[in-house]
Amino acid sequence: MKENPKTLKNGDMVLLPRSCPLSIFWFSKISFIEKLPLKIFTIDNVFHKVGVKYIKTREGLEIPLEYVYGVIIKIIDKNDAIFSELHLEDL
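Residues numbered from 1 in each chain as written. Predicted model: local features only at pLDDT ≥ 70, side-chain atom pairs only at ≥ 80, totals over all residues. Heavy atoms only, no water.

Caption draft 1: Summary view of the overall build of the chain. Within the chain, the secondary structure is distributed over two helices and six strands. Going from the N terminus to the C terminus, the chain shows its helices and strands as β-β-α-β-β-β-β-α. Taking contacts inside the chain between residues at least 6 apart in sequence as the whole, the part at least 24 apart equals 57%. Carbon and sulfur atoms make up 55% of the accessible area of the chain, which amounts to about 6,500 Å² in all. (Helix = DSSP H or I, 4+ residues; strand = E, 2+ residues; numbered from the N terminus. Contact = heavy atoms within 4.5 Å. Areas by Shrake-Rupley, 256 points an atom, 1.4 Å probe, with all protein chains shown as cover.)

Here it is, written out as structure tokens:
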């Protein structure tokens, strides 16, 4: 995962808080503590509205870019070497 991405494109999978929108202050505090429950969304569109960059998800949600916690760069499975290196089979 790449945290706090500045550029996104259609089709990217991103992590967002399960309850949006949240205040920026609350979001930054909780994400700093790393206890924020996240959900994966796929981007359908990236656009600007009133000078702010937004994403539109496949579910139709329009969310400001600053709420994107991270973009998923790869999904690993049991066949990837890093899976066992991170001891994910124990989870």
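After presenting the structure, the write-up continues.
Caption draft 2: Here's a closer look at the packing of aromatic side chains. Under the defined criterion, the tally for this structure stands at one aromatic pair. A ring pair is formed by Phe47 and Tyr54, whose centres lie 5.7 Å apart and whose planes are at 15°; its orientation type is stacked. When its relative accessible area of 17% is taken as the criterion, Tyr54 is described as buried. The positively charged end of Lys49 is found above the aromatic ring belonging to Tyr54, 4.9 Å away from the centroid. (Phe/Tyr/Trp six-rings, centres within 6.5 Å; stacked < 30°, edge-to-face > 60°. Buried < 20%, exposed > 50% of the residue type's maximum accessible area, 1.4 Å probe, protein only. Lys NZ or Arg CZ within 6 Å of the ring centre and 35° of its normal.)

Caption draft 3: Highlighting the pattern of salt bridges. Inspection of every chain in the model, using the stated rule, returns three salt bridges. Note that Asp44 is salt-bridged to Arg58, the shortest N-O span being 3.8 Å. Here Asp44, found in strand β3 (residues 38-49), pairs with Arg58, found in the loop between β4 (52-57) and β5 (62-64); they are 14 residues apart in sequence, far enough to count as distant. Measuring nitrogen to oxygen at the nearest pair gives 3.0 Å for the salt bridge that ties Lys49 to Glu62. Pair noted here: Lys49 is in strand β3 and Glu62 is in strand β5, with a separation of 13 residues, a long-range link. For Glu62, a relative accessible area of 39% gives the class partly exposed. (Salt bridge = Lys/Arg side-chain N within 4 Å of Asp/Glu carboxyl O.)

Caption draft 4: Seen up close, the pairing of β3. Relative to β3, strand β2 (residues 13-17) is paired through five bridges, and the arrangement is antiparallel. Pairing of Leu15 across the sheet is with Ile40, part of β3. Note that β3 and β4 share six bridges and pair antiparallel. Bridging across to β4, His48 finds its partner in Lys53. The loop that links β3 with its antiparallel partner β4 comprises two residues; one of these, Val50, has a positive phi angle of about 50°. (Pairing = 2+ DSSP bridges.)

Shape is all these values report; function is a separate question.
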